[in-house]
Amino acid sequence: MIKYNKPLPNPSLESKPFWQYCKQHELRMQKCTQCGHIRSPGSGICPQCSSTDSEWVKLTGKGKVYTFSIVHYVYNKAFADDVPYAVASIELDHGVRMLSNIIGCKMEDITVDMPVEVVFEDITEEYTLPKFRPIT
Ligand SMILES: [Zn+2]
């Protein structure tokens, strides 16, 4: 595995399972077992009904681009070889949104509402990043 020089995730107690499932190449999020609200990021208490009960449900990993930005400026030297790259808010099939990158296509081909699916990038022994690519 190539040495990874970019910032790594810094999981909280509530988000740690998310990253552990990513390592297994599964996109899971915390779902309230009382009202069904999907919490992203995970939290100890449901923001909708205040329940502390939850389970980590497997998502389809499919969704669409809600909005995006193409980054041309090098904010961090570790990303110098990556520009331009796309940062996007992905609206998953379950209605929840998450921030990620769009990969596997030309930057100019990315559009709002473009269907995408998750793809997992193993970056270190410990961490795997969920990214998204167009569904062709
Ligand atoms: Zn709830």
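Description of the structure in this document. Not measured: the values here are computed from a predicted model. (Residues numbered from 1 in each chain as written. Predicted model: local features only at pLDDT ≥ 70, side-chain atom pairs only at ≥ 80, totals over all residues. Heavy atoms only, no water.)

## A word on the overall build of the protein chain
- When you go through the protein chain residue by residue, the secondary structure sums to one helix and eight strands.
- In the protein chain, buried positions account for 37% of the 136 residues.
- The contacts in the protein chain between residues at least 6 apart in sequence include a share of 52% that link residues at least 24 apart.
- A total accessible area of about 8,300 Å² is found for the protein chain, and carbon and sulfur atoms account for 49% of it.
- Charge separation in the protein chain, taken as the distance between the mean sites of 15 positive and 16 negative side-chain charges, equals 1 Å. (Helix = DSSP H or I, 4+ residues; strand = E, 2+ residues; numbered from the N terminus. Buried < 20%, exposed > 50% of the residue type's maximum accessible area, 1.4 Å probe, protein only. Contact = heavy atoms within 4.5 Å. Areas by Shrake-Rupley, 256 points an atom, 1.4 Å probe, with all protein chains shown as cover. Lys, Arg positive; Asp, Glu negative; His and termini not counted. Charge placed at Lys NZ, Arg CZ, Asp CG, Glu CD.)

## Regarding the environment of isoleucine 90
- Secondary-structure assignment places isoleucine 90 in strand 5 (residues 85–92).
- Assessed through its relative accessible area of 0%, isoleucine 90 is described here as buried.
- With 45 residues separating them in the primary sequence, isoleucine 90 and isoleucine 135 have C-alpha atoms 13 Å apart.
- Not counting residues up to four positions away in its chain, the partners in contact with isoleucine 90 are Lys64, Val65, Tyr66, Val96, Arg97, Met98, Ile102, Val116 and Phe132.

## Here's the deal with the nonpolar core
- One finds Ile90 and Leu92 to be the most contacted residues of the largest nonpolar core, which totals 27 residues.
- Per-element tally for this core: the top contributor is strand 5, with four residues. (Core = buried A, V, L, I, M, F, W, Y, C linked by side-chain atoms within 4.5 Å.)

## Focus on the coordination of the zinc ion
- Listed as protein donors to the zinc ion are Cys32 (SG), Cys35 (SG), Cys46 (SG) and Cys49 (SG); their distances from the metal cover 2.3 to 2.4 Å.
- For cysteine 49, a relative accessible area of 34% corresponds to the partly exposed category. (Donors = N, O, S within 2.8 Å, 3.2 Å for Na, K, Ca; no water.)

## Focus: the sheet that holds strand 2 (residues 38–39)
- Spatial strand order, 2-1-3: three strands in an open sheet with antiparallel pairing. Where the open sheet ends on each side, the last strands, each with one partner, are strand 2 and strand 3 (54–58).
- Judged from the five bridges that link them, strand 1 (residues 28–32) and strand 3 form a sheet pairing that is antiparallel. Within strand 3, the residue paired with arginine 28 across the bridge is lysine 58. (Pairing = 2+ DSSP bridges.)

## So, the pattern of salt bridges
- One pass over the full model with this rule turns up seven salt bridges.
- Among the ionic contacts, a cluster of salt bridges with common partners joins Lys62, Glu117 and Arg133. (Salt bridge = Lys/Arg side-chain N within 4 Å of Asp/Glu carboxyl O.)

## Quick look at the pairing of strand 8 (residues 128–134)
- Where burial is concerned, most of strand 8 is hidden: six out of the seven residues are buried.
- When strand 7 (residues 115–122) meets strand 8, the two strands line up antiparallel, connected through seven bridges. Residue pairing across strands places valine 119 opposite lysine 131, the latter belonging to strand 8.
- Between strand 7 and strand 8, which follow one another and run antiparallel, lie five residues.

## Focus on the packing of aromatic side chains
- Enumeration over the complete set of coordinates arrives at five aromatic pairs.
- Judged by centre distance (5.1 Å) and plane angle (90°), the rings of phenylalanine 18 and tryptophan 19 are edge-to-face.
- Here phenylalanine 18 falls in the buried class, since its relative accessible area comes to 13%.
- Centre to centre, the rings of tyrosine 73 and tyrosine 75 are 4.8 Å apart; their planes meet at 70°, and the pair counts as edge-to-face. Here tyrosine 73 and tyrosine 75 have matching classes, each one exposed.
- Grouping aromatic residues by their ring pairs yields a cluster made of Phe18, Trp19 and Tyr127.
- Taking the ring centre of tyrosine 21 as reference, the NZ or CZ of arginine 28 above it sits at 4.8 Å.
- Above the face of the tyrosine 66 ring, arginine 97 is positioned so that its terminal group lies 3.4 Å from the ring centre. (Phe/Tyr/Trp six-rings, centres within 6.5 Å; stacked < 30°, edge-to-face > 60°. Lys NZ or Arg CZ within 6 Å of the ring centre and 35° of its normal.)

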